[in-house]
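Given next are the chains, with one letter for each unit.
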Amino acid sequence: MARPLKIGLIWHSDNSANLGVGALTVSNIALLQDAAARAGVEARFELFKFRDSGAPYVTGFQAIHPIDSRYLSSPRGFFTDVRRLDALFDIGGGDSFTDIYPDRRFLFILLSKVLAIAAGTPLILSPQTIGPFSRQPHRSAAAWTMGRARAVFTRDPLSLDAARALAPGARLFGAVDVAFALPFTPAPRGPGRRVGLNVSGLLYAGGYTGRNEFGLGLDYRDYTHRLIEALLARGDVRVELVKHVFAHGNSSEDDPAVARALAARYPGLVEAPDFASPSEAKSYISGLDFLVGARMHATIAAFSAGVPVVPVSYSRKFEGLFGGLGYRWLVPAKGMSTDEALAFTVDALDRRDEVAADIGAAAARVREGLETYVGFVAGLFADLARSVRSP
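Engineer: Whenever I open this one, the layout of surface pockets confuses me. Can you help?
Structural biologist: In this approach a probe as big as a water molecule rolls over the atoms, and the regions it shows empty are the leftover space. By volume, the largest pocket amounts to about 1200 Å³. Lining the largest pocket are 46 residues, with S16, N18, V21, D52 and E253 positioned closest to its centre. Elements that contribute at least two residues to the lining of the largest pocket include exactly α1 (19–39), α4 (103–118) and α11 (296–304). Here the residues of the lining of the largest pocket are counted per class, giving 23 nonpolar, 13 polar and 10 charged. Quantified by volume, the second largest pocket comes out at close to 410 Å³. The element contributing the most residues to the lining of the second largest pocket is helix α12 (residues 316–324), with 3 residues. Each residue belonging to the lining of the second largest pocket can be placed in one class, and the counts come to 8 nonpolar, 4 polar and 7 charged.

Take a look at the structure:
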């Protein structure tokens, strides 16, 4: 019989303060385990991770390898560890395979792929945002990498189009964000009174620089204040602040810091607990009657739990993902003023039954996207098992 497959997961995390990255990890493991069961094989996982602090909420790895420059460059480090794997699944932190971030980040993301290819280990890019790549040599390097990967999965049609334009010879597949499969425990839902507000510490601070480098068409801070005031003035809703990124000590990222400030400013608000894991957050969100969110995986949690949700976008990953599902209840990064965004959000709340119906209509597309990924991986695992079968 075949020995267990040794599967690497890179640019995932077992303890990220960003529960979105954690949601990708938990969900991807669940989907890969599903694929292994279909293939009739056992998969054992090794984690190649961001250096994050905090208690782990994902366990069971055969080995954990924190990544830094020394580990990547050492002949006895990353290259040696990856070479003995049967396959390496790279999720790129969800949206990091792009050149919009500093070059050092791009170099780390790229170098890990190049070394895996050089090691001869099958490299699969799990569903993620691809691009944009706007300059050289980033474009050529990304195209070379995708062309040599065993498979490249995008989580939205805009990324698929970008990948096709850049690497038309690559083995490309359109899928969906793996976090739609995040396990959770459904919570009871009330009669329409619990409205969640997921305020992004990053957007509330004006971005990393405080100068709106995302180019939002609305004033996010003003939108947040006015939305809270409009909700509290209704008197028929309980407004709950839902946090999803716990970047303690980093005021430009930390959702709890903003939640505390807003709770002090508006005493009528209720602050949700600090969640210990992505599944705990999704379980809580599942009990809401409506959510407005600027952290994408908080909105995916709501969507996949059937909770009417208005995502507030700051990049094309939102428009690509939700647009690919035919979902129209989104505040775009550009194209709406603050007044328009506020009116749109309040209207969606009043029409939440219609919003919920649109989520239900998109469920088939979600299932199809997940099946594209799991079906491919099941076939890959079966092939790998045959190649390692004991004599």
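Engineer: Even after reading the chapter, I still don't get the sheet that holds strand β3 (residues 63–66), so can you show me in this structure?
Structural biologist: What holds strands together in a sheet is hydrogen bonding between their backbones, with the strands either parallel or antiparallel. What the 7 strands build is an open sheet, ordered β3-β2-β1-β4-β5-β6-β7; its pairing is parallel. In the strand order of this sheet, the two ends are held by β3 and β7 (172–174), each with one partner. Across the sheet, the mean angle separating the axes of adjacent strands is 20° when strand polarity is ignored. Taken strand by strand, helix α6 (residues 157–166) contacts β5 (123–128), β6 (151–154) and β7, and its axis lies near 165° from that of β7. Sitting on the sheet, helix α14 (residues 352–387) touches β1 (5–12), β4 (87–90), β5, β6 and β7, and the angle it makes with β4 is about 160°.

Engineer: Explanation requested: unusual backbone geometry in the structure shown.
Structural biologist: Glycine aside, the phi torsion of most residues is negative, and most peptide linkages are trans. Here G131 and P132 are connected by a cis peptide whose omega angle stands at 5°. Residue position: P132 is located in the loop between β5 and α5 (138–148). Following Q136, the chain continues to P137 via a peptide bond in cis, the omega torsion being 5°. Inspection of the secondary structure assignment puts P137 in the loop between β5 and α5. If you check the backbone angles, W11 has positive phi at about 60° while not being a glycine. Along the polypeptide, W11 turns up in strand β1. Look at W11 and you get buried, because its relative accessible area is 4%.

Engineer: So what exactly am I meant to see when it comes to the environment of R84 here?
Structural biologist: Checked against the element boundaries, R84 lands in the loop between α3 (78–83) and β4. The sequence separation of R84 and L202 amounts to 118 residues, and the corresponding C-alpha distance is 39 Å. Residue contacts for R84: discarding those within four places in its chain leaves K6, E46 and H65. A polar contact is formed between the side chain of R84 and the side chain of E46, at a distance of 2.9 Å.

Engineer: When you look at the packing of aromatic side chains in this model, what are you seeing that I'm missing?
Structural biologist: One pair of aromatic rings is described through two measures. These are the centre distance and the angle between the planes. Applying the stated rule across the entire model yields 20 aromatic pairs. Taking the centre distance of 5.3 Å and the plane angle of 50° together, the rings of F173 and F376 count as tilted. Placement of F173 in strand β7 and of F376 in helix α14 is noted, with a sequence separation of 203 residues between them. With 5.7 Å between their ring centres and 85° between their planes, F180 and F303 make a pair best called edge-to-face.

Engineer: In this structure, what is going on with the environment of Y284? I would like to understand it.
Structural biologist: Position of Y284 among the secondary structure elements: in helix α10 (residues 278–285). Classification of Y284 as buried rests on a relative accessible area of 19%. Aside from chain neighbours lying at most four places away, what touches Y284 is R194, E240, V242, A272, P273 and F275.

Engineer: Explain helix α8 (residues 220–234) here, please?
Structural biologist: Helical geometry: 3.6 residues make up each α-helical turn, so side chains three or four residues apart lie on a common side. Between its first and last C-alpha, α8 extends 21 Å over 15 residues, near the 21 Å set by a 1.5 Å rise per residue. Those residues of α8 not exposed but buried are Y220, Y223, T224, H225, L227, I228 and L231. A side-chain oxygen of the first residue of α8 lies 3.2 Å from the backbone nitrogen of R221; this N-cap is D219. At the exit of α8 stands G235, carrying a positive phi of roughly 75°.

Engineer: How do you make sense of the sheet that holds strand β11 (residues 290–293) when you look at a structure like this?
Structural biologist: In spatial order, the strands read β10-β9-β8-β11-β12; together these 5 strands make up an open sheet with parallel pairing. In this open sheet, the two strands that pair with only one neighbour each are β10 (270–271) and β12 (309–311). Here strand β8 (residues 194–198) runs beside strand β9 (residues 238–241); their pairing, made up of 4 bridges, is parallel. Directly across from V195, in β9, lies its bridge partner V239. Across the sheet, helix α13 (residues 338–350) lies against β8, β11 and β12, angled at about 160° from β11, the strand it touches most.

Engineer: Just checking my understanding: could you explain the side chain of T121 for this structure?
Structural biologist: In this fold, T121 is placed in the loop between α4 and β5. If sequence neighbours within four positions are ignored, T121 has contacts with V82, R83, L85, D86, A87, L88 and A116.

Engineer: What's the story with the environment of L321 in this structure? I'm lost.
Structural biologist: Relative to the helices and strands, L321 is located in helix α12. For L321, a relative accessible area of 2% translates into the label buried. Note: C-alpha distance between L321 and P157 (164 residues apart in sequence) is 7.4 Å. With residues near it in sequence (within four places) discarded, L321 still touches R155, D156, V176, D177, F180, M296 and I300.

Engineer: How do you make sense of the nonpolar core when you look at a structure like this?
Structural biologist: One broad rule of soluble globular proteins: the nonpolar side chains tend to lie buried together. Counting residues in each nonpolar core, the largest one holds 105 residues, and the members touching the most others are F89, Y220, Y223, F303 and F381. For this core, the leading source of residues is α14, giving 14 residues. Non-local contacts of F303, meaning those with residues more than four positions away in its chain, are made with F180, V309, F322, L325, Y327, I359, A362 and V366. Counting 34 residues, the second-largest nonpolar core is a separate cluster that includes L85, I117, A143 and V152.

Rules used in this analysis
- Going along each chain's sequence as written, the residues are numbered from 1 onward.
- Where local features are concerned, this predicted model is filtered to residues with pLDDT of at least 70; where side-chain atom pairs are given and counted, the filter is 80 or more; whole-chain, interface and lining totals use all residues.
- With hydrogens and water stripped out, all remaining heavy atoms of the structure feed into the side-chain values.
- Only protein atoms enter the 1 Å grid, on which a cavity is a set of points fitting a 1.4 Å probe that cannot get out and a pocket is an open set with protein on both sides within 12 Å along at least 5 of 7 lines, lining residues being those with an atom within 4 Å of a point.
- Grid points are joined across faces, edges and corners, and a volume is the space filled by probe spheres set on the points.
- Every helix listed is a DSSP run of H or I at least four residues long, and every strand listed is a run of E at least two residues long, numbered separately from the N terminus.
- Gly falls in the polar group here, along with every residue not listed as nonpolar (Ala, Val, Leu, Ile, Met, Phe, Trp, Tyr, Cys, Pro) or charged (Asp, Glu, Lys, Arg).
- A pair of strands is treated as paired once DSSP finds two or more bridges between them.
- Between the N-to-C directions of two axes lies an angle of 0 to 180 degrees, each axis being a line fitted to C-alpha atoms and, for a helix, fitted only over the stretch in contact.
- It only takes one pair of heavy atoms within 4.5 Å for two residues to be counted as in contact.
- Exposure categories follow from relative accessible area, calculated using a 1.4 Å probe and restricted to protein chains: below 20% of the type maximum is buried, above 50% is exposed, and the middle band is partly exposed.
- Polar contact is defined as a pair of N or O atoms within 3.5 Å, subject to the rule that within protein one atom must be able to donate a hydrogen and the other to accept it, and that residues adjacent in sequence are counted only when both atoms are side-chain atoms.
- Paired rings are identified among Phe, Tyr and Trp, the last through its six-membered ring, by centres lying within 6.5 Å, and are further divided according to the angle between planes into stacked (under 30 degrees), edge-to-face (over 60) and tilted (the rest).
- One less than the number of residues in a helix, times 1.5 Å, gives the span that helix is expected to have.
- In these notes, a set of buried Ala, Val, Leu, Ile, Met, Phe, Trp, Tyr and Cys residues joined through side-chain atoms within 4.5 Å is what counts as a nonpolar core.

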